Amino acid sequence: MLKPLGDRVVIEAISKDETTASGIVLPDTAKEKPQEGRVIAVGSGRVADNGERIALEVKEGDKVIFSKYAGTEVKVDNKEYLVLRESDILAIIG
């Protein structure tokens, strides 16, 4: 499993429906990148200027919305994940 460092977070993206409201099936090239995902792992936190470690606001299992083109995509054991900074997370859902 991935263990992110510092203020980084590992997210598994949640895909949206593959058909439009009128029933048209969208090919992979026409789909938008997902902006919603579930937090799989979190780093130990950001280090402040005074050397103190600041804990992350998100935790494993949180459902989040993140910036569209943020992070780095990685593939581990045939699963795709996104590694991004906590600052690229816009909101926690629910």
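Residues numbered from 1 in each chain as written. Predicted model: local features only at pLDDT ≥ 70, side-chain atom pairs only at ≥ 80, totals over all residues. Heavy atoms only, no water.

In the annotation of an unreviewed UniProt entry, the entry for the protein reads Co-chaperonin GroES, and the organism field reads Brevibacillus agri. Entered under Sequence similarities (unreviewed entry) in the UniProt record, the comment concerning the protein runs "Belongs to the GroES chaperonin family." As its UniProt record puts it under Subunit (unreviewed entry), the protein is described as follows: "Heptamer of 7 subunits arranged in a ring. Interacts with the chaperonin GroEL." (UniProt positions renumbered as here; feature names shortened; annotations may be inferred.)

Asks: So what exactly am I meant to see when it comes to the pattern of salt bridges here?
Replies: Between side chains of opposite charge, a pair can form as their charged atoms come close. Tallied over the full model, the rule gives four salt bridges. With a closest N to O distance of 3.7 Å, Lys79 and Glu12 form a salt bridge. Of this pair, Lys79 sits in strand S7 (residues 79–85) while Glu12 sits in strand S1 (residues 8–13), and the two are 67 residues apart along the sequence. Its relative accessible area of 41% is what places Lys79 among the partly exposed residues. The shortest N-O distance in the salt bridge between Glu36 and Lys63 comes to 3.5 Å. Within this pair, whereas Glu36 is found in strand S2 (residues 36–42), its partner Lys63 is found in strand S5 (residues 63–66), the two being separated by 27 residues in sequence. Classification of Glu36 as buried rests on a relative accessible area of 15%. (Salt bridge = Lys/Arg side-chain N within 4 Å of Asp/Glu carboxyl O. Helix = DSSP H or I, 4+ residues; strand = E, 2+ residues; numbered from the N terminus. Buried < 20%, exposed > 50% of the residue type's maximum accessible area, 1.4 Å probe, protein only.)

Asks: Sorry, what's going on with the nonpolar core here?
Replies: For soluble globular proteins, the rule of thumb is that nonpolar side chains tend to be buried together. Residues Val9, Ile11, Val39, Val42, Leu56, Val58, Val64, Phe66, Ala70, Leu82, Leu84 and Ile89 constitute the largest nonpolar core, which totals twelve residues. When residues no more than four places from it in sequence are discounted, the contact partners of Ala70 are Leu82, Leu84 and Asp88. (Core = buried A, V, L, I, M, F, W, Y, C linked by side-chain atoms within 4.5 Å. Contact = heavy atoms within 4.5 Å.)

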